[in-house]
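# Examining the three-dimensional arrangement
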Amino acid sequence: MKAKDSDLLFQDLASIIEKGKSQVVSQINSTLTLVYWQIGSKINSHILENQRAEYGKEVISQLAIQLSNAYGNSFQEKNLRRMMQFAEVFPDFQIVAPLARQLSWSHFTILIPIKKQDARLFYAQQSAESSWSKRELRHQIERKAFERKEIAQIQLSEADTEIKTSFKDPYFLDFLGLKDGYLENDLEGAILKELEHFILELGKGFAFVERQKRIILDGVDFYIDLLFFHRKLKRLVAIELKLSKFRPAYKGQMELYLKWLNKYEKQEDENPPIGLILCAEKSNEQIELLEMGKDGIMVAEYWTELPPKSELETKLHQAYIDAKSRIEQKKLL
């Protein structure tokens, strides 16, 4: 056998071995996570049956000593309590089992402290679907991905479920490093320079297609700022960048682009295009009156600088409350 053939065969065999090792590690991690859940669930049930707080403290301390002596430090008291929390906040084994095949125990330790159950499940499912690392999961939680998704869903309340879950509001573009006084071209150029970060901020499924997509109508040139394709939605997504506060004219402009894309660019197996207008500031009453979600158009703010954590939480919470209140008032009219 020639040396070159031997090298190629070695590479193929090494690939098989590494893949096998990876699958073994994944299987071990999955099994451990499910073991931890079952331990936590069993202890919780046992303590609940006895209904005595003091008994609970005693039994956990005693179990920690016994299990640590038998199976190592993974079963110290603080870890047992974490397993109990795990089973408490993820009570459904049918949900935990498939997640455990894709997420490590370390992922679950990040998810356990999240207070809202729907937020916890959102981050768990997104982590699994998007293969988020532990670092990326923390990053998404810190940047309030769930809360921003909720705000967007209120605006798109009448849209398809898949469309509703594909957008956020606001979008955080602090990674662009823009200075005061930037122009629209500066914003667009910075996005393209940091395209990987921008797509990560948009969310899973977005693929870049074209910048300044040219449209000719009645001999007049029009340009779509950014054109993406969403693989899961099977739709073209036109994105317009606006430095100003939202204006009603932006809807007409986007509708024109979407109709042109639908007529000339959409493939037979694709769904109708949708649009995202990113503005420096929204005009909430105008946007709701125009019912843009019905026309497949989402309007969101973009922030080039983030406030401190406490202020960010307050602003997003207030935005959610205000949006929900306006929708409820609209229903009463």
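The structure presented is a predicted model; accordingly, all values stated were derived computationally and were not measured. (Residues numbered from 1 in each chain as written. Predicted model: local features only at pLDDT ≥ 70, side-chain atom pairs only at ≥ 80, totals over all residues. Heavy atoms only, no water.)

## Details of the overall build of the protein chain
Looking only at helices and strands, the protein chain features 14 helices and 6 strands. Here the protein chain holds 333 residues, and the buried ones make up 42% of them. In the protein chain, the proportion of contacts linking residues at least 24 apart, taken out of those at least 6 apart, comes to 59%. Split by element, the accessible area of the protein chain, about 19500 Å² in all, is 51% carbon and sulfur. (Helix = DSSP H or I, 4+ residues; strand = E, 2+ residues; numbered from the N terminus. Buried < 20%, exposed > 50% of the residue type's maximum accessible area, 1.4 Å probe, protein only. Contact = heavy atoms within 4.5 Å. Areas by Shrake-Rupley, 256 points an atom, 1.4 Å probe, with all protein chains shown as cover.)

## Considering the sheet that holds strand β6 (residues 297-303)
With mixed pairing, the 6 strands of this open sheet are ordered in space as β1-β6-β5-β4-β3-β2. Both edges of this open sheet fall to β1 (171-172) and β2 (206-217), since each of them pairs with a single strand only. Where strand β4 (residues 235-245) lies against strand β5 (residues 274-281), 7 bridges are found, and the strand directions are parallel. Of the residues in β5, the one forming a bridge with Ala238 is Gly275. Packed on one face of the sheet, helix α10 (residues 184-193) meets β2, β3 (220-230), β4 and β6 and runs near 135 degrees to β4. (Pairing = 2+ DSSP bridges. Axes fitted to C-alpha atoms, helices over the stretch in contact; angles between N-to-C directions.)

## Focus on unusual backbone geometry
A cis amide bond links Asp169 with the next residue in sequence, Pro170, at an omega value of 0 degrees. In this structure, Lys234 takes a positive phi of about 55 degrees despite not being glycine. With respect to the secondary-structure elements, Lys234 resides in the loop between β3 and β4. Residue classification places Lys234 among the partly exposed residues on the basis of a relative accessible area of 44%.

## Looking at the nonpolar core
Of all hydrophobic cores here, the largest spans 38 residues; its most connected members are Phe86, Phe90, Phe108, Leu111 and Tyr123. When contributions to this core are tallied by element, the ones reaching two or more residues are α1 (3-50), α2 (53-71), α3 (77-89), α4 (93-100), α5 (105-111), α6 (117-130), α7 (134-142) and α8 (145-155). Discounting chain neighbours no more than four positions away, the residues touching Phe90 are Trp37, Val96, Leu99, Phe108, Leu111, Arg120, Leu121 and Ala124. Counting 28 residues, the second-largest nonpolar core is a separate cluster that includes Leu187, Phe206, Leu276 and Leu278. (Core = buried A, V, L, I, M, F, W, Y, C linked by side-chain atoms within 4.5 Å.)

## Digging into the side chain of Arg120
You can see Arg120 is positioned in helix α6. Here Arg120 occupies a buried position and makes no salt bridge, while the nearest side chain of opposite charge, Asp118, is found at 7.8 Å. Among the polar contacts listed, one links the side chain of Arg120 to the backbone oxygen of Ile114, at a separation of 2.8 Å. Those residues within four positions of Arg120 in sequence are excluded, and the remaining contacts are Val89, Phe90, Leu111, Ile112, Ile114 and Lys115. (Lys, Arg positive; Asp, Glu negative; His and termini not counted. Salt bridge = Lys/Arg side-chain N within 4 Å of Asp/Glu carboxyl O. Polar contact = N/O pair within 3.5 Å; in protein donor to acceptor, adjacent residues only side chain to side chain.)

## A few points about the packing of α6 against α8
Contact geometry of α6 with α8 gives a least axis separation of 10 Å together with a crossing angle of 105 degrees. One finds that α6 runs roughly perpendicular with respect to α8. Side by side, α6 and α8 meet where Asp118, Ala119, Phe122 and Tyr123 of the first sit next to Ala145, Phe146, Glu147, Lys149 and Glu150 of the second. By residue class, the composition of the contact of α6 with α8 is 5 nonpolar, no polar and 4 charged. (Parallel < 35°, antiparallel > 145°, perpendicular 65-115°, else oblique. Nonpolar A, V, L, I, M, F, W, Y, C, P; charged D, E, K, R; others polar.)

## Describing the confidence of the model for the protein chain
When the pLDDT values of the protein chain are averaged, the result is 85; 89% of them are 70 or greater. Averaged pLDDT values over the elements of the protein chain bottom out at 74 in α1 and peak at 95 in α5. (pLDDT = per-residue confidence, 0-100.)

## Re the pairing of β2
Across 10 bridges, β2 lies against β3 in antiparallel orientation. In the strand pairing of β3, Glu210 is matched with Leu227. What sits between the antiparallel neighbours β2 and β3 is a turn of 2 residues, in which Asp218 has the positive phi angle 55 degrees.

## Quick word on the packing of aromatic side chains
In the structure shown here, the tally under the stated rule is 17 aromatic pairs. Residues Phe86 and Phe90 carry aromatic rings whose centres are separated by 5.8 Å and whose planes lie at 65 degrees to one another, so their mutual orientation is edge-to-face. Each member of the pair Phe86 and Phe90 is classed as buried. Taken together, a centroid distance of 5.2 Å and an interplanar angle of 75 degrees make the contact between Phe122 and Tyr123 edge-to-face. By the ring-pair criterion, three or more aromatic residues cluster together here, those being Tyr36, Tyr71, Phe75, Phe86, Phe90, Trp105 and Phe108. The ring centre of Phe172 lies 3.9 Å from the NZ or CZ of Arg148, which sits over that ring. (Phe/Tyr/Trp six-rings, centres within 6.5 Å; stacked < 30°, edge-to-face > 60°. Lys NZ or Arg CZ within 6 Å of the ring centre and 35° of its normal.)

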